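Take a look at the letters that make up each chain.
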Amino acid sequence: MGFRLPGVRTRRALFPADQAASKSVGVPKGCLAVYVGEELKRFIIPISYLNQPSFRALLHQNEEEFGYNHPMGGLTIPCREDVFVELTSCLKGK
């Protein structure tokens, strides 16, 4: 069981989205947008990452520190960008 995001296509890889284009480009099916770091760089990640214990730990830590208020419309993860990229790089192979 899961949830679906309407009107989006599937992509497997993690890729940063251009800030200017992010407003007009949808999120692919099976993915979600997250905003990471101080500059809130937008990344599109597969929803399957939500099942990974290491990613869930990051989300739990985020929830404890910042709650559920995400004004950008996507999930805001205030960790350093390089930490996020390293974590998601490890998840790509799973």
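Bear in mind the structure is a predicted one, so any value in this text is a computation, not a measurement.

### Structural notes on the pairing of strand β3 (residues 41-46)
Inference 1: The element β3 is extensively covered by neighbouring structure, given that 5 of its 6 residues are classed as buried.
Inference 2: Where strand β2 (residues 31-36) lies against β3, 6 bridges are found, and the strand directions are antiparallel. Across the sheet, Ala33 pairs through a bridge with Ile44, a residue of β3.
Inference 3: Connecting β2 to the next strand, β3, in antiparallel fashion are 4 residues, including Gly37 with a positive phi near 80°.

### So, the environment of Glu39
Inference 1: Tracing the backbone through its elements, the reader meets Glu39 in the loop between β2 and β3.
Inference 2: Using a relative accessible area of 74% as the deciding quantity, one classes Glu39 as exposed.
Inference 3: Sequence separation between Glu39 and Pro78 is 39 residues; the distance between their C-alpha atoms is 9.4 Å.

### Brief notes about the pairing of β2
Inference 1: Most of β2 is tucked away: 6 of the 6 residues are buried.
Inference 2: Neither face of β2 is exposed, since Cys31, Ala33 and Tyr35 on one face and Leu32, Val34 and Val36 on the opposite face are all buried.
Inference 3: Relative to strand β4 (residues 75-77), β2 is paired through 3 bridges, and the arrangement is parallel. For Val34, the partnering residue across the bridge sits in β4 and is Leu75.

Parameters at a glance
- Residues numbered from 1 in each chain as written.
- Predicted model: local features only at pLDDT ≥ 70, side-chain atom pairs only at ≥ 80, totals over all residues.
- Heavy atoms only, no water.
- Buried < 20%, exposed > 50% of the residue type's maximum accessible area, 1.4 Å probe, protein only.
- Helix = DSSP H or I, 4+ residues; strand = E, 2+ residues; numbered from the N terminus.
- Pairing = 2+ DSSP bridges.

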